[in-house]
Amino acid sequence: MEQADLKKALQDAERLLSQGALNDAEVLYRNVLEKIPGQADASQGLGLIALHTGHASAAVELLQMAVIGLPKDARVYTNLGLAFATAGDAASAESCYLKSIQIAEKFVDPHLNLANLLLETGRTEEAADAYAEATRLAPNSGAVHYGRSMLELRQGRRVAAIAALRQAIDHAPSLLPARINLANLLYSDGEHAEAVIILE
């Protein structure tokens, strides 16, 4: 495959992937791998598709192939971490997130994913530090504030959780889980009218 053809195929596949056209993107990525076995970008693309379609083990295998060709790409390690986490391997996921942070310490995604993982595995103090760093790096991220809200709830800080959820919605109005959680908290506090408005 000529370099120009490879570049176009990968660009087209990435565009289709971002648009949610997973089947069409998969065809292009597989075509690249047929011509260039082990091609890292195509392996990563197929790994993401496997992850999105619930095939975590296949995603891990494909993303491990991608890491071989892209050993300095923080995004690949972050995606591999997500695949490991989805497959239930928290230790390997944490290792990947830390590697991603080592490569690109200002890249917020591995910080947030690490915080979420630490919270899920009961390491709340470490999760708090990771959320704090993610907030420092991306203070306008709805996903970061949503993650913070889960930490606040876990630690019994209801008022702080509501505040974090409001921030999440301010920065990401379409973040449905944040709206649902905030509405539930408001409703249980007797703020029925506002809870309804939040869900509109």
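Predicted model only: the values in this text are computed from it and were never measured.

What counts as what
Counting of residues starts from 1 at the beginning of each chain's written sequence and follows it residue by residue. Reporting in this predicted model follows two pLDDT cut-offs: at least 70 for local features of residues, and 80 or more for side-chain atom pairs to be given and counted; totals over whole chains, interfaces and linings ignore these cut-offs and use all residues. By convention in this description, side-chain values take in all heavy atoms of the structure and omit both hydrogens and water. Take a side-chain nitrogen of Lys or Arg and a carboxyl oxygen of Asp or Glu: if they are within 4 Å of each other, that pair is a salt bridge. Helix numbers and strand numbers start at the N terminus; a helix is a DSSP run of H or I with at least 4 residues, a strand a run of E with at least 2. Nonpolar cores are built from buried Ala, Val, Leu, Ile, Met, Phe, Trp, Tyr and Cys residues. Side-chain atoms within 4.5 Å join them into one set. A simple rule labels every residue: compare its accessible area, found with a 1.4 Å probe on the protein chains alone, to the largest value its type can have, and call it buried under 20%, exposed over 50%, or partly exposed in between. Here, residues are in contact when the closest pair of their heavy atoms is within 4.5 Å. What makes a patch is a set of residues exposed beyond 30% relative accessible area and free of salt bridges, joined within 9 Å when like-charged and within 5 Å when nonpolar (Val, Leu, Ile, Met, Phe, Trp, Tyr). A 1.4 Å probe and the Shrake-Rupley method give the accessible areas. Residues count as covered only by the protein chains that appear here. An axis is simply a line fitted to the C-alpha atoms; with a helix, the fit covers only the stretch in contact. Between two such axes, the angle follows the N-to-C directions and lies from 0 to 180 degrees. Between 65 and 115 degrees an angle is taken as roughly perpendicular, under 35 as roughly parallel, over 145 as roughly antiparallel, and anywhere else as oblique. Here a crossing is taken to be left-handed if its near helix is turned anticlockwise relative to the far helix by less than a right angle, and right-handed if that turn runs clockwise. Here the nonpolar group is Ala, Val, Leu, Ile, Met, Phe, Trp, Tyr, Cys and Pro; Asp, Glu, Lys and Arg are the charged ones; every other residue, Gly included, is treated as polar. Any helix carries an expected span of 1.5 Å times its number of residues minus one. In this description, one arc is meant: the one made by directions from the helix axis to the C-beta atoms.

Caption draft 1: Up close: the pattern of salt bridges. Scanning all chains against the criterion turns up 10 salt bridges. In this structure, Arg 123 engages Glu 94 in a salt bridge whose closest nitrogen and oxygen atoms are separated by 2.8 Å. Here Glu 94 lies in helix H6 (residues 90-103) and Arg 123 lies in the loop between helix H7 (108-120) and helix H8 (124-137), a separation of 29 residues in the sequence. Overlapping salt bridges, with partners in common, bring together Lys 8, Asp 12 and Arg 15 in one network.

Caption draft 2: Layout of the nonpolar core. Counting residues in each nonpolar core, the largest one holds 47 residues, and the members touching the most others are Tyr 29, Leu 80 and Tyr 131. For Tyr 131, the residues in contact, after removing those within four places along its chain, are Leu 112, Ala 115, Asn 116, Leu 119, Val 144, Gly 147, Arg 148 and Leu 151. Listed in part, the 11 residues of the second largest apolar core include Ala 168, Ala 183, Leu 186 and Ala 195.

Caption draft 3: View of a nonpolar patch on the surface. Taken together, the side chains of Leu 176, Ile 180 and Leu 199 make up a nonpolar region of the molecular surface, amounting to roughly 270 Å² of accessible area. As for its position among the elements, Leu 199 is in helix H12 (residues 192-199).

Caption draft 4: Geometry of the side chain of Asn 79. Counting through the fold element by element, Asn 79 comes out in helix H5 (residues 74-86). Ignoring sequence-local partners within four residues, the contact set of Asn 79 consists of Gln 44, Leu 48, Leu 51 and Leu 63.

Caption draft 5: Just the environment of Ala 138, in detail. Position of Ala 138 relative to the elements: it lies in the loop between H8 and helix H9 (142-154). For Ala 138, a relative accessible area of 14% corresponds to the buried category. Sequence separation of Ala 138 and Leu 22 is 116 residues, and the distance between their C-alpha atoms is 29 Å. Ignoring sequence-local partners within four residues, the contact set of Ala 138 consists of Val 108 and Val 144.

Caption draft 6: Representation of the packing of helix H1 (residues 3-18) against helix H2 (residues 22-35) within the structure. Running from N to C, H1 and H2 point in directions that differ by 155 degrees, and their axes come no closer than 8 Å. The angle between the axes of H1 and H2 places the two elements in the roughly antiparallel class. The interaxial crossing formed by H1 with H2 has left-handed handedness. On the side of H1, the interface is formed by Leu 6, Ala 9, Leu 10, Asp 12, Ala 13, Glu 14, Leu 16 and Leu 17, while H2 contributes Leu 22, Asp 24, Ala 25, Leu 28, Tyr 29 and Val 32. Considering only residue class, the contact of H1 with H2 consists of 11 nonpolar, no polar and 3 charged.

Caption draft 7: Here's a closer look at H1. An ideal rise of 1.5 Å per residue puts 22 Å on 16 residues; H1 measures up with 22 Å between its terminal C-alpha atoms. All of the buried residues along H1 are Leu 6, Ala 9, Leu 10, Asp 12, Ala 13, Leu 16 and Leu 17. Across the axial projection of H1, the buried residues extend over an arc of 165 degrees, all falling on one side. Pointing more than 90 degrees away from the buried face of H1 are the exposed residues Gln 3, Ala 4, Lys 7, Lys 8, Glu 14 and Ser 18. Buried residues along H1 sit against H2 and helix H3 (40-52).

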